[in-house]
Amino acid sequence: MKEHTVTARSNDSARDIPEATVARLPVYLRALVALAEQQISTCSSEELAAAAGVNSAKLRKDLSYLGSYGTRGVGYDVDYLRYQIAREIGVTQDWPVVIVGIGNLGHALANFSGFRSRGFRVVGLLDADPDMKDQTVAGLQVRPFDDLPEIATENGVAIGVIAVPAVAAQDVADALVAAGITSILNFAPTVLSVPERVDVRKVDLSIELQILAYHEQRKAVQTL
């Protein structure tokens, strides 16, 4: 099977980076941030790989898609590599985000402080429930779902987060696309149908728990 790639640009040349590598870049960035917070200025590929939870050969191959940022015998400059990865994945700029569905999950997402520190600014909280109108969550006023096009246009929103029940998720996705939003983070346990130009990332906590349950079951059987 051919591995999916995405086009990334650094300096003046564009490169194709495998999707699997793209998925690991934020992990490397998080590890580098943690190292910088510990006042560590340089690290080896082995140290960075251990901090990111991957093997060093995979890390070196992943970073080779970005360019040559390591020095033989010295390692990587933590701050410089952190900036290069952040630039590559687009978090050196500010990304306006809207969250649709301000129930328990939506509340938690709106209050998540990590968005801002990672380059994402929540500019709109939307809910179709009239009882939610004018409530304030994380310093933002919850607005009617029908206000989506206005908020998206005013703020140049490119990323929408779906935190509604599965039965409503497709309608929300359709509205996000119609409003010009081209990237969607979907927390609803359902598969969305969107145009090819729209990227969707799915987060299904129940599936992750089921995978853990599978491994727990295997461990239990092996101890018998």
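Residues numbered from 1 in each chain as written. Predicted model: local features only at pLDDT ≥ 70, side-chain atom pairs only at ≥ 80, totals over all residues. Heavy atoms only, no water.

Topic: the overall build of the protein chain
Along the backbone of the protein chain there are nine helices and 12 strands. Along the three orthogonal principal directions, the C-alpha set of the protein chain runs to about 60 × 60 × 40 Å. Within the protein chain, the proportion of its 224 residues that are buried is 37%. Total accessible area on the protein chain is roughly 13,500 Å²; 52% of this is exposed by carbon and sulfur atoms. Of the charged side chains in the protein chain, 21 are positive and 27 negative, and the gap between their average positions amounts to 9 Å. (Helix = DSSP H or I, 4+ residues; strand = E, 2+ residues; numbered from the N terminus. Buried < 20%, exposed > 50% of the residue type's maximum accessible area, 1.4 Å probe, protein only. Areas by Shrake-Rupley, 256 points an atom, 1.4 Å probe, with all protein chains shown as cover. Lys, Arg positive; Asp, Glu negative; His and termini not counted. Charge placed at Lys NZ, Arg CZ, Asp CG, Glu CD.)

A look at the sheet that holds strand 9 (residues 140-144)
Pairing in this open sheet of seven strands is mixed, and the strands run 8-9-7-6-10-11-12 from one edge to the other. At either end of the open sheet lies a strand with only one pairing partner, and these are strand 8 (136-137) and strand 12 (199-202). Note: strand 11 (residues 183-186) against strand 12, four bridges, orientation parallel. Looking across to strand 12, one finds that L185 is bridged to R201. (Pairing = 2+ DSSP bridges.)

Description of the pattern of salt bridges
Throughout the structure, instances matching the rule amount to eight salt bridges. Between R82 and D79 there is a salt bridge whose closest N-O contact spans 3.3 Å. Here R82 and its partner D79 are both found in helix 4 (residues 78-89), three residues apart, which amounts to about one turn of the helix. What you see here is one network of salt bridges that share partners, running through R143, D147 and E150. (Salt bridge = Lys/Arg side-chain N within 4 Å of Asp/Glu carboxyl O.)

A closer look at the confidence of the model for the protein chain
Put simply, the protein chain has an average pLDDT of 89, and 93% of its residues get 70 or more. Element-level pLDDT for the protein chain is lowest in strand 1 (residues 5-10), with a mean of 42, against a maximum mean of 98 in strand 10 (residues 159-162). Of the regions scoring below 50 in pLDDT, residues 1-14 engages in 31 contacts with residues more than four places distant in sequence or in other chains. (pLDDT = per-residue confidence, 0-100. Contact = heavy atoms within 4.5 Å.)

Some words on the sheet that holds strand 4 (residues 70-71)
Strand order across the open sheet formed by three strands is 3-5-4, with antiparallel pairing between neighbours. On the outer flanks of this sheet lie strand 3 (42-43) and strand 4, each paired with one strand and no other. As defined by bridge partners, strand 3 adjoins strand 5 (residues 75-77) across two bridges and the pair is classed as antiparallel. When the bridges of strand 5 are listed, C43 appears paired with Y76. Relative to the sheet, helix 4 contacts strand 3 and strand 5, its axis offset from that of strand 5 by approximately 70 degrees. (Axes fitted to C-alpha atoms, helices over the stretch in contact; angles between N-to-C directions.)

Some details on the pairing of strand 9
Pairing of strand 7 (residues 120-127) with strand 9 involves three bridges; the strand directions are parallel. Among the inter-strand pairings, L125 is bridged to a residue of strand 9, identified as V142. Of the strand pairs in this sheet, strand 8 and strand 9 are connected by two bridges, and their pairing is antiparallel. Bridged to T136 within strand 9 is Q141. What sits between strand 8 and strand 9 in their antiparallel hairpin is a turn of two residues, with A138 showing a positive phi close to 55 degrees.

Quick look at the environment of F187
Residue placement: F187 occurs in the loop between strand 11 and strand 12. Residues F187 and V172, spaced 15 residues apart in sequence, show a C-alpha to C-alpha distance of 12 Å. Those residues in contact with F187, other than ones at most four positions away along the chain, are L105, L109, V161, I162 and V203.

A few points about helix 4
Taking 1.5 Å of rise per residue, 12 residues should cover 16 Å, and helix 4 covers 17 Å from first to last C-alpha, within 8% of that figure. Listed as buried for helix 4 are V78, L81, Q84, I85, A86 and E88. Of the residues that open helix 4, the one with a side-chain oxygen 3.2 Å from the backbone nitrogen of D79 is D77. Just downstream of helix 4, G90 is the residue with a positive phi angle, here 90 degrees. (Expected span 1.5 Å × (residues − 1). Polar contact = N/O pair within 3.5 Å; in protein donor to acceptor, adjacent residues only side chain to side chain.)

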